[in-house]
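Results of the structural survey
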Amino acid sequence: MKKPLIIALDFAGKEEVNTFLANFGNEKLFLKVGMELFYQEGPSIVYALKEKGHGIFLDLKLHDIPNTVKSAMKGLARLGCDIVNVHAAGGKAMMEAALEGLETGSNGKRPYCIAVTQLTSTSVQQMQSEQLIPVTLNESVLHYASIAKESGLDGVVCSSFEAKEITSHLGESFLTVTPGIRLLADDSGDQKRVATPDFASAEGASAIVVGRSVTKSQNPFEKYLQCKQLWEGALNEA
Ligand code: C5P
């Protein structure tokens, strides 16, 4: 996977998506379809975006008993996405089942399967008091990343602040996909662990996910190019 900048299509329906994508002309993009859009439009939105030549990260964050996740992944594999994901908190048996489902349902090459570690909207205080995990965020994220790797997954979703440590422990080929990306002047919204595209790049992230910074911008294409330049510019210097 060539270090993509992934745009989070957090929209309520295909009309909003089409209006947004009209800003990009014929540019081939890497798009993230999350639960808001997928629950409204279903598989047809994935097929429509793929037909236009875009890469797809289907961000449904599966977290259920292994048998259910396996069956769900078998179905999702048929959509032909590039990346799908689960919550590492579902455990190793669930992650292994996810992979089995993907292998069974894929026609040849299965999508990358990555695990959400700690959401980028989670603070250390929240993790410790609500999830009763009495360690640092870095330790929790690294632990989840390690069990994801042991389960055979291809990588994790983490914040930019954990990417370097994960790579140094689990290797360059283990993907670190980092949301919570903002330019310095942007509002962080509900996100707690935010960073700029160039910071994520310097920390060795495999991909960045940019949502509201681009989708809520007055000029989405310009903002996209700005993020891309920071992401790729820093990559070129690395
Ligand atoms: O608008 P913003 O850039 O904050 O959007 C980030 C996107 O990445 C959202 O679609 C969110 O669901 C997703 N995401 C995240 N943190 C994770 C996993 C996914 O913010 N750990």
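Right, let's walk through the structure included here. (Residues numbered from 1 in each chain as written. Predicted model: local features only at pLDDT ≥ 70, side-chain atom pairs only at ≥ 80, totals over all residues. Heavy atoms only, no water.)

**Some remarks on the side chain of His 87**
Positionally, His 87 belongs in strand S4 (residues 83–87). Residues contacting His 87, with those up to four places away along its chain left out, are Lys 61, Leu 62, His 63, Met 94, Val 116 and Leu 119. (Helix = DSSP H or I, 4+ residues; strand = E, 2+ residues; numbered from the N terminus. Contact = heavy atoms within 4.5 Å.)

**Brief notes about the site of the ligand**
Around the ligand, the structure places 16 residues, and the nearest of them are Asp 10, Lys 32, Gln 191, Gly 211 and Arg 212. Between the ligand and Asp 10, the relevant distance is 2.7 Å, taken from an oxygen atom to a side-chain nitrogen or oxygen of the residue. Within the side chain of Arg 182, an N or O atom sits 2.9 Å from an oxygen atom of the ligand. Taken by itself the ligand offers 470 Å² of open surface, and the protein chains cover 89% of this. (Near = heavy atom within 4 Å. Polar contact = N/O pair within 3.5 Å; in protein donor to acceptor, adjacent residues only side chain to side chain. Areas by Shrake-Rupley, 256 points an atom, 1.4 Å probe, with all protein chains shown as cover.)

**Here's the deal with the environment of Ser 201**
Relative to the helices and strands, Ser 201 is located in helix H9 (residues 197–202). Along the backbone, Ser 201 and Gln 125 are 76 residues apart, and their C-alpha atoms lie at a distance of 27 Å.

**A short note on the pattern of salt bridges**
The full count for this structure, using the stated rule, is twelve salt bridges. Among the ionic pairs, Lys 164 bridges to Glu 203, the shortest N-O distance being 3.7 Å. One end of the pair, Lys 164, is in helix H8 (residues 160–170); the other, Glu 203, is in the loop between H9 and strand S8 (207–210), with 39 residues separating them in the sequence. In this structure Glu 203 comes out as buried when scored by relative accessible area, which is 16%. In this structure, the salt-bridge partner of Asp 190 is Arg 212, at a minimum N-O distance of 2.7 Å. Of this pair, Asp 190 sits in the loop between strand S7 (175–178) and H9 while Arg 212 sits in helix H10 (residues 212–215), and the two are 22 residues apart along the sequence. Classification of Arg 212 as partly exposed rests on a relative accessible area of 35%. (Salt bridge = Lys/Arg side-chain N within 4 Å of Asp/Glu carboxyl O. Buried < 20%, exposed > 50% of the residue type's maximum accessible area, 1.4 Å probe, protein only.)

**Digging into the packing of helix H4 (residues 66–77) against helix H5 (residues 92–105)**
Think of two packed helices as two axes; the pair is described by the angle between the axes and how far apart they sit. Packing of H4 against H5 brings their axes to within 7 Å, and their N-to-C directions diverge by 30°. The orientation of H4 with respect to H5, classified from their angle, is roughly parallel. The element H4 and its partner H5 pack so that their crossing is right-handed. Across from Pro 66, Val 69, Lys 70, Met 73, Lys 74 and Ala 77 in H4, the residues of H5 making contact are Ala 93, Met 94, Ala 97, Ala 98, Glu 100, Gly 101, Leu 102, Thr 104 and Gly 105. Looking at the contact of H4 with H5, its residues break down into nine nonpolar, three polar and three charged. (Axes fitted to C-alpha atoms, helices over the stretch in contact; angles between N-to-C directions. Parallel < 35°, antiparallel > 145°, perpendicular 65-115°, else oblique. Left-handed = near helix turned anticlockwise from the far one by under 90°. Nonpolar A, V, L, I, M, F, W, Y, C, P; charged D, E, K, R; others polar.)

**Topic: helix H3 (residues 43–51)**
All buried positions along H3 are accounted for by Ile 45, Val 46 and Leu 49. What you see down the axis of H3 is that its buried residues fit within an arc of 100°, all on one side. Looking at the buried residues of H3, the elements they touch are helix H1 (14–21), strand S2 (30–34), helix H2 (35–41) and strand S3 (55–62). Just downstream of H3, Gly 53 is the residue with a positive phi angle, here 90°. (Arc of directions from axis to C-beta.)

**What about the sheet that holds strand S1 (residues 5–8)?**
The eight strands lie next to each other as S1-S2-S3-S4-S5-S6-S7-S8, forming a closed barrel whose pairing is parallel. Direction aside, the axes of adjacent strands within the sheet are offset by 25° on average. As defined by bridge partners, strand S6 (residues 155–157) adjoins S7 across three bridges and the pair is classed as parallel. Residue pairing for S7: Val 156 is matched across the bridge by Thr 176. Strand contacts of H4: S3, S4 and strand S5 (112–116), with the helix running at about 165° to S3, the strand carrying the most contacts. This element, H5, spans S3, S4 and S5 of the sheet and lies at about 155° to S4. (Pairing = 2+ DSSP bridges.)

**Overview of the nonpolar core**
In this structure, Leu 58, Met 73 and Val 86 are the most contacted members of the largest nonpolar core, which totals 62 residues. Considering each element in turn, this core owes the most residues, seven residues, to helix H7 (residues 137–150). Apart from the residues lying within four places of it in its own chain, the contact partners of Leu 58 are Val 33, Phe 38, Val 46, Leu 76, Leu 79, Cys 81, Ile 83, Val 84 and Asn 85. Of all hydrophobic cores here, the second largest spans twelve residues; its members include Ala 8, Ile 83, Val 157 and Ala 207. (Core = buried A, V, L, I, M, F, W, Y, C linked by side-chain atoms within 4.5 Å.)

Keep in mind that these numbers describe shape and distance, not what the molecule does.
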